[in-house]
Structure formats: C-alpha cells, structure tokens
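# Geometric and topological summary
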Amino acid sequence: MTTKKILSSAILAIALFTGINSSAQNVVEVAVGSPDHTTLVAAVKAAGLVETLSGAGPFTVFAPTNAAFDKLPKGTVESLLEPANIKMLQGILTYHVVAGKIDSKAVVAAIKAGKGKAVLTTVQGGKITASLKGKDVVITDEKGGMATVTAVDLDATNGVIHVVDTVLMHK
C-alpha cells in the first residue's frame, strides 16, 4: 500500500470515527461509512472506480445495500469481483450513477412533470425510469427489475446518494 493510500485511509478512518457529517465527504466516503454498503464499497474498489467516484462530479448514486446484493443469484457477487469480470462490474456499478446532483425533490418533480415517469440516463449509458408507487420512489431498470428507494438525500461534497433495495441491471 502506498503512503498516499495509507494516509488517505487514516484520514478517512479519523473522519468516520469523529463523526464528521456526510456533507464533508464525497460519495465514496459516505458509502464507506455505511455498514449497509460494504458489498457496494468492495465492488467499487474491485472495479477501480474509487478515484472516479471521488472526483468532482456531481453524481447521483442509487446505492444498493448489502441486502440488495444478497438478492442476486448465489455466487454472482463473488464472480463479479473477479479481475476477469471488471468490465461487467464497472457496467453494473456505473448503471447506478447519474451525472448531476438530483435530490429527492427534483426526482419527484421530474416524475410529476413526466406524467408519472422520469427517464434518467446513467453514466453507463443506459436508462433507468423513476416512478411513484404510493409515496415510494421506484426505479425500474432496462430488464424490468424494480428497486424501491429506501433512503434519500445523503449529501456528499460531489453529489447525493439515494439508497435502493435491489441491484439495477442494464441490457
């Protein structure tokens, strides 16, 4: 591990331990601080996306929880984390990211303006569709899978995170 990486890890650990709020952290650091996103963090690291997602952004991240990854068929996560599958993993992860900072109010406004649907283009290049199911925002992926947004507006220095209960899959 390089001195720079060790120093960065130490600073992050101190920041998390001392309770610095998420708005002083980038989207990766916010995810690192969440015990419900350890699988996502491992995947972002394996995909080589830490530097990109720590950049200026802004990004809107629909972050699947550990439980969301657990819904995938047995062995899928382990397979995706293998170096031979880095491109597939990068595609799945960047499918959860939209350029720009879109808070929950903006998502709901876009859904209403779109007469019940808001189509968002992901960094991966695919489309996800946001809609309302009662008071819940639901994200539908290109394969017809649906994820419910379970937490919103986790602010970061380079964007915002919305937590989802299912991994989104592109075509």
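Remember, it's a predicted structure, so these values are computed and weren't measured experimentally. (Residues numbered from 1 in each chain as written. Predicted model: local features only at pLDDT ≥ 70, side-chain atom pairs only at ≥ 80, totals over all residues. Heavy atoms only, no water.)

## Things to note about the pattern of salt bridges
Here the structure, examined in full by the defined rule, presents one salt bridge. With a shortest N-O distance of 3.4 Å, Lys 101 and Asp 155 are connected by a salt bridge. Residue Lys 101 is located in the loop between strand E2 (97-99) and helix H8 (104-113), and its partner Asp 155 is located in strand E6 (residues 146-156); the two are separated by 54 residues in the primary sequence. The class for Asp 155 is partly exposed, based on a relative accessible area of 31%. (Salt bridge = Lys/Arg side-chain N within 4 Å of Asp/Glu carboxyl O. Helix = DSSP H or I, 4+ residues; strand = E, 2+ residues; numbered from the N terminus. Buried < 20%, exposed > 50% of the residue type's maximum accessible area, 1.4 Å probe, protein only.)

## Describing empty space enclosed by the protein
Vacant regions in the atomic arrangement are exposed by a probe of water-molecule size rolled over the atoms. This model, assessed by the stated rule, comprises three cavities of 30 Å³ or more. A volume near 160 Å³ is recorded for the largest cavity. Looking at the largest cavity, it is lined by 15 residues, and the ones nearest its centre are Ala 31, Leu 40, Val 44, Leu 53 and Val 61. When contributions to the lining of the largest cavity are tallied by element, the ones reaching two or more residues are helix H2 (27-32), helix H3 (38-46) and strand E1 (59-64). Per-element accounting of the lining of the largest cavity gives the leading share, four residues, to E1. Its residues assigned to classes, the lining of the largest cavity shows 14 nonpolar, one polar and no charged. Within this model, the second largest cavity holds a volume of roughly 40 Å³. For the second largest cavity, the full set of lining residues is Phe 62, Ser 104, Val 107, Val 108, Val 137, Val 149, Val 152 and His 162. Listing elements by their share of the lining of the second largest cavity, those giving two or more residues are H8 and E6. (1 Å grid on protein atoms, 1.4 Å probe; cavity = no way out; pocket = protein on both sides within 12 Å on 5 of 7 lines; lining within 4 Å. Points joined across faces, edges and corners; volume = space filled by probe spheres on them. Nonpolar A, V, L, I, M, F, W, Y, C, P; charged D, E, K, R; others polar.)

## Regarding the environment of Val 28
Among the structural elements, Val 28 can be located in helix H2. By relative accessible area, Val 28 is classed as buried at 12%. Once you skip the residues sitting within four places of it in the chain, Val 28 turns out to touch Val 50, Leu 53 and Ser 54. (Contact = heavy atoms within 4.5 Å.)

## Looking at the pairing of E1
Regular strands place their side chains on alternate faces of the sheet. With six of its six residues buried, E1 lies for the most part within the structure. Across the two faces of E1 the burial is the same, with Phe 59, Val 61 and Ala 63 and Thr 60, Phe 62 and Pro 64 all buried. Relative to E2, E1 is paired through three bridges, and the arrangement is antiparallel. Within E2, the residue paired with Thr 60 across the bridge is Val 98. (Pairing = 2+ DSSP bridges.)

## Concerning the nonpolar core
Of all hydrophobic cores here, the largest spans 24 residues; its most connected members are Val 27, Leu 53, Val 61 and Leu 93. Counting residues per element, the ones that place at least two in this core are H2, H3, E1, helix H5 (66-70), helix H6 (76-80) and helix H7 (86-94). Beyond its immediate chain neighbours, meaning those up to four positions away, Leu 53 contacts Val 27, Val 28, Val 44, Phe 59, Val 97 and Asn 158. Counting residues in hydrophobic clusters, the runner-up holds 16 residues, among them Ala 118, Ile 128, Ala 130 and Val 137. (Core = buried A, V, L, I, M, F, W, Y, C linked by side-chain atoms within 4.5 Å.)

Functional significance is not addressed by these values, which are geometric in nature.
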